[in-house]
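Structural overview
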Amino acid sequence: MFRQPKFYVLAVLLIAFFGPWYSDFGGDVSGFSVPWFEGKPFLFILYLSPFFAIRAILLIRKGKDPHLNYPFAAIPILYFLFFMHYPDGVIMIATYSYPWGWITFILCVIMVLQSISILKIFVKEKKASIQKAYKKL
């Protein structure tokens, strides 16, 4: 259970979600306070991140694979970081971010890249098993 790196990544992501991400107009903004601070209701999608992270942690504790809960914990945060700050780009994120913001961003990128590589392996395995079944016919 605790030997899986995904468990630790998700645990740190949960902690980082509630830590201060950046400073804006003299106030510290965390993942939890972003929807109210930015004043945009669609940002409540960020609350899906800890929901999926907790679901994935519980699945890992039960000895199961978290499947799509793992990348879904990262996607709302990456959505916020990329699309909300797209005009200013990485310069704004680099200028105003605190260490928790960087940790959150890096963890989310790692989570998505891991999920993509796992998906590629899964597709290759399925393709190989389909080809074997086809050859038997």
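Everything below is about the structure shown above.
On a predicted model such as this, the values are computed, not experimentally measured, just so you know.

Considerations on the overall build of the protein chain
- Within the protein chain, the regular secondary structure consists of seven helices and two strands.
- Ordered by position from the N terminus, the helices and strands of the protein chain form the series α-β-β-α-α-α-α-α-α.
- In the protein chain, which comprises 137 residues, the share counted as buried stands at 37%.
- Partitioning the contacts of the protein chain with sequence separation of at least 6, the portion at a separation of at least 24 is 65%.
- As presented, the protein chain carries roughly 8,900 Å² of accessible surface, and 71% of it is formed by carbon and sulfur atoms.

Description of the side chain of serine 49
- Mapped onto the fold, serine 49 is located in helix H3 (residues 48-61).
- For serine 49, a relative accessible area of 1% translates into the label buried.
- Side-chain polar atoms of serine 49 contact the backbone oxygen of alanine 73, separated by 2.3 Å.
- Beyond its immediate chain neighbours, meaning those up to four positions away, serine 49 contacts Leu13, Phe17, Ala73, Pro76 and Ile77.

Points about the packing of aromatic side chains
- The final tally for this structure, using the stated rule, is five aromatic pairs.
- Seen from their ring centres, phenylalanine 7 and tyrosine 8 are 5.6 Å apart, and the 85 degrees between their planes marks the pair as edge-to-face.
- You can call phenylalanine 7 buried: its relative accessible area is 11%.
- Look at tyrosine 8 and you get partly exposed, because its relative accessible area is 45%.
- With a centroid separation of 5.1 Å and 85 degrees between ring planes, the pair formed by phenylalanine 17 and phenylalanine 18 is classed as edge-to-face.
- When its relative accessible area of 49% is taken as the criterion, phenylalanine 18 is described as partly exposed.
- The structure contains a cluster of three or more aromatic residues connected by ring pairs, namely Phe51, Phe52 and Phe72.
- When the ring centre of tyrosine 70 is taken as origin, the NZ or CZ atom of lysine 6, which lies over that ring, is 5.0 Å away.

Rules used in this analysis
- Residues numbered from 1 in each chain as written.
- Predicted model: local features only at pLDDT ≥ 70, side-chain atom pairs only at ≥ 80, totals over all residues.
- Heavy atoms only, no water.
- Helix = DSSP H or I, 4+ residues; strand = E, 2+ residues; numbered from the N terminus.
- Buried < 20%, exposed > 50% of the residue type's maximum accessible area, 1.4 Å probe, protein only.
- Contact = heavy atoms within 4.5 Å.
- Areas by Shrake-Rupley, 256 points an atom, 1.4 Å probe, with all protein chains shown as cover.
- Polar contact = N/O pair within 3.5 Å; in protein donor to acceptor, adjacent residues only side chain to side chain.
- Phe/Tyr/Trp six-rings, centres within 6.5 Å; stacked < 30°, edge-to-face > 60°.
- Lys NZ or Arg CZ within 6 Å of the ring centre and 35° of its normal.

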